[in-house]
Amino acid sequence: MAKKLTVSASPHVRSNETTTGIMLDVIIALMPALVMSVVYFGLRALTLTVVCVCSCVIFEALSRKIMKRPNTVGDLSAVVTGIILAFNLPASMPLWMAVIGCLVAIVVVKQMFGGIGQNFVNPAMTARIILMTSFPTAMAKWVVPFTSAWHPDAVTAATPMAVLAGVQGGDVSAAGDALPTLTQMLLGAHGGSMGEVCSIALICGGLYLMLRKVISPVIPFTFIGTVAVIMLFAGSFNLEFVAYQLLGGGLMLGAFFMATDYSTSPINKKGKIIFGIGCGLITSLIRLFGSLPEGVSFSIILMNILVPHIENMTTPKPFGEIKEKKAKKEANKA
Amino acid sequence: MAEKKSLGKELTKGIIAENPVLRLVLGTCPTLATTTSVESAIGMGLAASVVLICSNVVISALRKVIPDKVRIPAYIVIIASFVTIVQMVVKAFLPSLDEQLGVYLPLIVVNCIILGRAEAFASKNPVLASAVDGLGMGIGFTAALFLMGAVREVFGAGTFLGNSIPFLSENPMLIFILPPGGFFVFGVLMAAVNKLAESKGKKRAELRGCEACPMAQNCALNKKEVAES
């Protein structure tokens, strides 16, 4: 016996993919939107992002240390959470409030439940909702692009979503000047959260992630598709209304970057389809009938909570197994 | 209760080891609903404690008279009488507190801590021990409410007993006085008290089968368990 047989526990086949590599891809995909937000909202946007990233990393390192667990700062997941959280805030957000958001995202949502892969809801999304309920005024200060976000009395305006909520029966032309043009919507020259405004940059980032096979296209497409179909009917087949609904608010950011979070979305394809449709449905219902103009964050959180049930419903059947009822029938026959 | 405990132990067990809210997880509804401010939290805690002590004493005194089959209605009648008295007193002398507590004041009637102590303790123990048990549980309940109320009022409204705190009062974190914030604070406090009790060598608060349940005697599940063993 020259060579001994190696016996080891599974997994036996390993890929070269690492968490750090995946997170690095996500960071690269988020860069175009970050650049565009700096273009629109100035260096205040960059400052906000840097503060969020730094405090997320510090909170991650500290809480791992206090809980006596190995340090996981190197996997870059805290950096991604920081960038996405910053994207979800208005550019004029007071920095200390953003730090509280990072505390909620990293310590409460992620580390208290066991760290990366153990959180049951998306950390950045939960932090956004907690900030929204805690500081409603600061979280609704939508700075107008190309004006100074540093100034405490920065020029603010209603987001396209708030205008759309008042539109009756899909008649967007009635809103007049209150709505930006569709080109402006696509490029991002309108009020909104710092990173959600530039749809085209987010779509590019999303496509990059799909090409790199970091995210599967199932959730984004079912999510956006469901919203499109519902808005088509709600807007009495006015395509312009549908376009505004798809490009406005946090839909692109949510569908590409937050609904696809590994630990809070279903594993197999069937589950992903149910998840995406559910997100789209709740988003549309909140936008059309809710008291809030935008519902992407709540839809993702609600579907995150349902994920364990979706997984149970869609567990694949092992090869060769038959259903219990059928098995009983056959046993009776024999 | 086979084991005999000293009166001192009956008093102190309600504060941390068997804290009704944070360790036995009883009376969650008033805990979450009335702790939006320190004032209403203390008011609720004291009102419930008075009812708890009085009803414990009366139920313990009547424990040999009350027929077993109708004991729950009998307990409720006794508790309800004391709640009515407390409610009238609060309405007459502290109308602002009555306004703050609203429906939760009459709802003390169905507070599980009071019914739970009547069932688990007062119906099996002498009057003095029951009174001390009620006092200890009342202190534990009030202390837990005070802690929760303090955290929620300081961060959620930026005030403490109505006195505003600099910086916090200008930027209150509204979520703390909203229901979800109540659940957050409740969970964190519960974890902290569990840790504290554990460090003193007490068992972690967990589902301990039927022994801790006040309804164990009449419960179908428990009967099955007894029959099997």
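Each chain has its residues counted from 1, following the order in which its sequence is written. Each chain gets a letter, beginning with A, and each ligand a number, beginning with 1, in the order they are written. Local features in this predicted model are restricted to residues whose pLDDT is 70 or higher, and side-chain atom pairs enter the listing and the counts only when it is 80 or higher, whereas totals over whole chains, interfaces and linings include all residues. Water and hydrogen atoms were dropped before computing side-chain values, which therefore reflect all heavy atoms in the structure.

Here the aromatic set is Phe, Tyr and Trp, taking the six-membered ring for Trp, and pairing holds for ring centres within 6.5 Å; pairs whose planes are under 30 degrees apart are stacked, those over 60 apart are edge-to-face, and all others are tilted. The final tally for this structure, using the stated rule, is five aromatic pairs over all chains. When the centroid spacing of 5.6 Å and the interplanar angle of 80 degrees are considered together, the rings of Trp96(A) and Phe135(A) count as edge-to-face. Here Trp96(A), found in helix H4 (residues 95–110), pairs with Phe135(A), found in the loop between helix H5 (123–134) and helix H6 (160–165); they are 39 residues apart in sequence, far enough to count as distant. Using a relative accessible area of 30% as the deciding quantity, one classes Trp96(A) as partly exposed. Summary of the burial criterion: residues with accessible area below 20% of their type's maximum are buried, those above 50% are exposed, and those between are partly exposed, where the area comes from a 1.4 Å probe applied to protein chains only. For Phe135(A), a relative accessible area of 4% corresponds to the buried category. Ring geometry for Phe146(B) against Phe160(B): centres 6.4 Å apart, planes inclined by 80 degrees, an arrangement best described as edge-to-face. Of this pair, Phe146(B) sits in helix H7 (residues 127–156) while Phe160(B) sits in strand S1 (residues 159–160); the two residues are 14 residues apart in sequence, bridging distant segments of the chain. To qualify as a helix, a DSSP run of H or I must reach at least 4 residues; to qualify as a strand, a run of E must reach at least 2; elements of each kind are numbered from the N terminus.

Take the interface of chain B and chain A next. Note on definitions: a residue-residue contact is assigned when non-hydrogen atoms from the two residues lie within 4.5 Å. Between chain B and chain A, the residue contacts involve eight residues of the former and nine residues of the latter. Residues adjacent in sequence count toward polar contacts only when both atoms are side-chain atoms; beyond that, a polar contact is any pair of N or O atoms within 3.5 Å, and within protein one must be able to donate a hydrogen and the other to accept it. The interface formed by chain B and chain A includes one residue pair in polar contact (both at pLDDT 80 or more). Nonpolar residues are Ala, Val, Leu, Ile, Met, Phe, Trp, Tyr, Cys and Pro. Charged residues are Asp, Glu, Lys and Arg, and all others, Gly as well, are polar. Across the side of chain B that touches chain A, the residue classes break down as seven nonpolar, one polar and no charged.

Turning our attention to the nonpolar core. Definition of nonpolar core: a set of buried residues of the types Ala, Val, Leu, Ile, Met, Phe, Trp, Tyr and Cys, connected through side-chain atoms within 4.5 Å. Membership of the largest hydrophobic core comes to 131 residues, with the highest contact counts inside it found for Leu89(A), Met194(A), Phe223(A), Phe257(A) and Ile108(B). The element best represented in this core is helix H1 (residues 19–41) of chain A, accounting for ten residues. Not counting residues within four places of it along the chain, the set of residues in contact with Met194(A) comprises Leu34(A), Ser37(A), Phe41(A), Ala45(A), Leu48(A), Thr49(A), Ala86(A), Phe87(A), Leu89(A), Pro90(A) and Ala91(A).

What follows concerns H1(A). Residues and elements named next belong to chain A. Here H1 contains 23 residues, and its C-alpha end-to-end distance of 31 Å stays within 8% of the 33 Å for a straight helix at 1.5 Å per residue. At Met 31, H1 shows its maximal bend, which comes to roughly 35 degrees, and the proline Pro 32 appears one to four places after that position. Residues of H1 that are buried include every one of Ile 22, Met 23, Asp 25, Val 26, Ile 27, Ala 29, Leu 30, Ala 33, Leu 34, Ser 37, Tyr 40 and Phe 41, and no others. Contacts made by the buried residues of H1 are with helix H2 (43–66), helix H3 (77–87), helix H7 (182–187), helix H8 (199–211) and helix H11 (251–258). Once H1 ends, the next one or two residues include Gly 42, with phi positive near 80 degrees. Working rule for helices: expected span equals 1.5 Å times residues minus one. Working definition for bend: take the seven residues up to and ending at a residue and the seven starting at it, fit an axis to each, and measure the angle between the axes.

Before going further, it helps to examine the packing of helix H3 (residues 38–61) of chain B against H7(B). All names here are of chain B. One way to put it is that H3 packs onto H7 with a least axis distance of 8 Å and a crossing angle of 165 degrees. Accordingly, the angle class assigned to the pair H3 and H7 is roughly antiparallel. Classified by chirality, the crossing of H7 by H3 is right-handed. The axes used here are C-alpha line fits, helices contributing only the stretch in contact, and every angle between their N-to-C directions lies in the interval 0 to 180 degrees. Put simply, angles under 35 degrees are roughly parallel, angles over 145 are roughly antiparallel, angles from 65 to 115 are roughly perpendicular, and the rest are oblique. The hand of a helix crossing depends on one turn: near helix anticlockwise from the far one by less than a right angle means left-handed, and clockwise means right-handed.

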